[in-house]
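# Examining the three-dimensional arrangement
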Amino acid sequence: MNITLARAAGTIGFGVAALGAMCASGAPAAAAGSRPLIAGDPARPSAIEITGATSYVLDSRGNLQNVACVVFVNHGPRLATKVGLSLALVDATGTVVDVDVMYPRGKFLVDTRSAFSVGSNGQDIGNGNCHGFGAAGAAARSTFVYRANKNAPVQEVAAILVSAREIVYDDGTAWRTDQVPQTGDHVTLPVAPPFSAAVAAGPPRITTRAMTGSPIELTDAFRYESAMQTGGGPPSGPGLLQVLAALPQTLRSQQICMVFGNRDPRGAKRVRVDLAIVDRTGKIGGIETLDSRGKFAPGTPADDSGSACEGIQGRWDGDTFMYSPAEGVPAFAVGRIVVSPEIVDFADGTTWMSPTYPVVGESITAP
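The rules behind each value
Residues numbered from 1 in each chain as written. Predicted model: local features only at pLDDT ≥ 70, side-chain atom pairs only at ≥ 80, totals over all residues. Heavy atoms only, no water. Helix = DSSP H or I, 4+ residues; strand = E, 2+ residues; numbered from the N terminus. Buried < 20%, exposed > 50% of the residue type's maximum accessible area, 1.4 Å probe, protein only. Contact = heavy atoms within 4.5 Å. pLDDT = per-residue confidence, 0-100. Disulfide = S-S within 2.5 Å. Phe/Tyr/Trp six-rings, centres within 6.5 Å; stacked < 30°, edge-to-face > 60°. Lys NZ or Arg CZ within 6 Å of the ring centre and 35° of its normal. Polar contact = N/O pair within 3.5 Å; in protein donor to acceptor, adjacent residues only side chain to side chain.

With that settled, consider the environment of Thr-320. Among the secondary structure elements, Thr-320 is positioned in strand 20 (residues 320-323). Thr-320 sits in the buried class, given a relative accessible area of 16%. For the pair Thr-320 and Pro-203, spaced 117 residues apart in the sequence, the C-alpha separation amounts to 5.2 Å. Contact partners of Thr-320, with chain neighbours within four places excluded, come to Gly-202, Arg-280, Arg-315 and Ala-333.

On to the confidence of the model for the protein chain, then. Summarising the model, the protein chain shows a mean pLDDT of 84, and 82% of its residues fall at 70 or more. Predicted confidence for residues 1-32 stays below pLDDT 50, and this span has 91 contacts to residues more than four positions away or in other chains.

Our next topic: the state of the cysteines. Applying the stated criterion to the full structure yields two disulfides. Linked covalently through their sulfurs, Cys-69 and Cys-130 form a disulfide whose S-S length is 2.0 Å. Here Cys-69 and Cys-130 share a disulfide; its torsion about the S-S bond, 105 degrees, makes the bridge right-handed. With Cys-69 in strand 3 (residues 63-74) and Cys-130 in strand 8 (residues 130-134), the pair connects residues that are 61 residues apart, well separated along the chain. On the basis of relative accessibility, which here comes to 9%, the residue Cys-69 falls in the buried class. Exposure remark for Cys-130: the relative accessible area of 3% places this residue in the buried category. With a sulfur-sulfur separation of 2.1 Å, Cys-257 is cross-linked through a disulfide to Cys-309. An S-S torsion of about 105 degrees defines the bridge between Cys-257 and Cys-309 as right-handed. Here Cys-257, found in strand 15 (residues 249-262), pairs with Cys-309, found in strand 18 (residues 306-311); they are 52 residues apart in sequence, far enough to count as distant. The class of Cys-257 is buried, set by a relative accessible area of 2%.

According to the stated counting rule, one finds five aromatic pairs in the structure shown. Above the face of the Phe-346 ring, Arg-266 is positioned so that its terminal group lies 3.7 Å from the ring centre.

Mapped onto the elements of the fold, Pro-77 is located in the loop between strand 3 and strand 4 (80-90). When the C-alpha positions of Pro-77 and Asp-111 are compared, they lie 9.7 Å apart, and in sequence the two are 34 residues distant. Setting aside residues no more than four positions away along its own chain, Pro-77 makes contact with Val-110 and Tyr-169.

Note on placement: Arg-176 falls in strand 12 (residues 174-176). What makes Arg-176 exposed here is its relative accessible area of 56%. Not counting chain neighbours up to four residues away, the residues in contact with Arg-176 comprise Arg-165, Glu-166 and Val-168. A polar atom in the side chain of Arg-176 sits 3.0 Å from the side chain of Glu-166.

Written as structure tokens, this is what we have:
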């Protein structure tokens, strides 16, 4: 289906069958929360500088994970071939509730942005700069949660502090430290950087925008990736081609998901939101729409009513998503996707419509 630069209705791009349980209209969701702030640990400086981070939700054959990805720069004396990182999960009180480790491997050039690498985290997460955390039984949300054991309460992770514990260089020399974070440590929570319309590098940032007078509240929005393995059986016949065809492969597809709560006293039957596709400079380069249909009863301020997901046409180039707005129109790198309410149809036949809409060519402002 070709997408116009104006308003594109309906389902576009690719779909994911496994999303049915999570993104079906009216599906219940966990309590509203927010994705953790992922940043370098200022108390543990090293030659590895954390310069960026993103997160997404992964569905691997029905198993949900929250995935954190980090970008770093090697300021060491030489090319690094292995980097060990500590990821300290911190709650809202500043207490470290757990510490995990990740080991990107590759060629990390001096003073060069490193966002992709090989690693030992399996085929489901294809980037060694990313690390998955089990969703602890929660619904698919951008919120990271932690459970110490099966009988322990779920804790929301407010921040993930990243620090280097090992750096191996190409000449065989290495730097290591025993001063690594420990569960129970108390730290200062990082402060979120100020909003910037322009996003110079990395995957699209997903942002929600409230609309004055809207009967729905957007409580979450995030990238959602599904990973499915194919093949792995015996070759169908002799020859190299048959052997290669039988090798296991991981197929991935990505969508943008949103969760909302109906704050109106009337029941709703359709919710439409706009997805403003923003380029690297902060200007809207395309607009698409996402519909959620069902029976959405009025809820309290803490309740969520429904959710929906949408595929976006384009391709990945490293950690950059190149959006294809329409046939014959040049693709562009996406810096941000802004989700905002557009239309709500109520069960009594009335409709609310947003007084303003995103416009292609306009610059976005802070939500």
